[in-house]
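Descriptive analysis of the structure
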Amino acid sequence: MNSEFTIAVHSLVLLAHLPDHMASSQKIADNVSTNPARIRKIMSCLRNHGFVRTKEGIGGGYILQRDPDEITLGQIYRSVSGATIKPNWCSGDPEEECVVASNIQLVMDEVFEETDQYFSAYLDRISIASILKKIKQY
C-alpha cells in the first residue's frame, strides 16, 4: 500500500463530483493538497488503465473515462499500488542457522500474499460512486 492509492482515489472521486468537466492537474493537486507533478504521474497511470481521459492545452485536463459506479477501489489498488501491502524489507536471513531467522521471510510472504487477496476482494466491493456518496453525507 502506498500514498499513490489514496491520491488516485481522491482524484477519481473529485472527477466523479465534477461530471463532464475537465480538471487540470493544478486543480486536482490543490484539492488533494499535493503538487501537480505528483498528480500527473498518478493520473498517467490511471489513464493507462482506462479510468480517465486527458486533453492537452487550454481547457484541458482530466475527465472520467468510466462510470464511477463501475470503478472499484480494488481496480485502483491493483493499478497504482502494485496490489501489495508487503513491505520493501523483511527481517531474517535465509542463510542463518536459526529456524526463525532462516524461515521468517517465507512465512511472512505467505501472510502478505493472503492478506492482499482478502484486502483486494474487500476493495472490489467499494466503488468511486459509493465513496462520493459517503462524502456527501458528512
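A brief look at the structure comes next. These numbers come from a predicted model, not from an experiment.

A word on the environment of Val-9. With respect to the helices and strands, Val-9 occurs in helix α1 (residues 3-17). Spatially, the C-alpha atoms of Val-9 and Ser-130 are 12 Å apart, while their sequence positions differ by 121 residues. In this structure Val-9 touches Leu-73, Ile-76 and Ile-128, once residues within four positions along its chain are discounted.

What follows covers the packing of aromatic side chains. As enumerated under the stated definition, the model contains two aromatic pairs in all. With centroids separated by 5.9 Å and ring planes inclined at 85°, the aromatic side chains of Phe-5 and Tyr-77 adopt a geometry described as edge-to-face. In this pair, Phe-5 sits in helix α1 while Tyr-77 sits in helix α4 (residues 73-80), placing the two residues 72 residues apart along the sequence. Here the two residues Phe-5 and Tyr-77 agree in accessibility, since each one is buried. Given the relative accessible area of 0%, Tyr-77 is considered buried. Following the ring pairs from residue to residue traces out a cluster consisting of Phe-5, Tyr-77 and Phe-119.

Calculation criteria
Residues numbered from 1 in each chain as written. Predicted model: local features only at pLDDT ≥ 70, side-chain atom pairs only at ≥ 80, totals over all residues. Heavy atoms only, no water. Helix = DSSP H or I, 4+ residues; strand = E, 2+ residues; numbered from the N terminus. Contact = heavy atoms within 4.5 Å. Phe/Tyr/Trp six-rings, centres within 6.5 Å; stacked < 30°, edge-to-face > 60°. Buried < 20%, exposed > 50% of the residue type's maximum accessible area, 1.4 Å probe, protein only.

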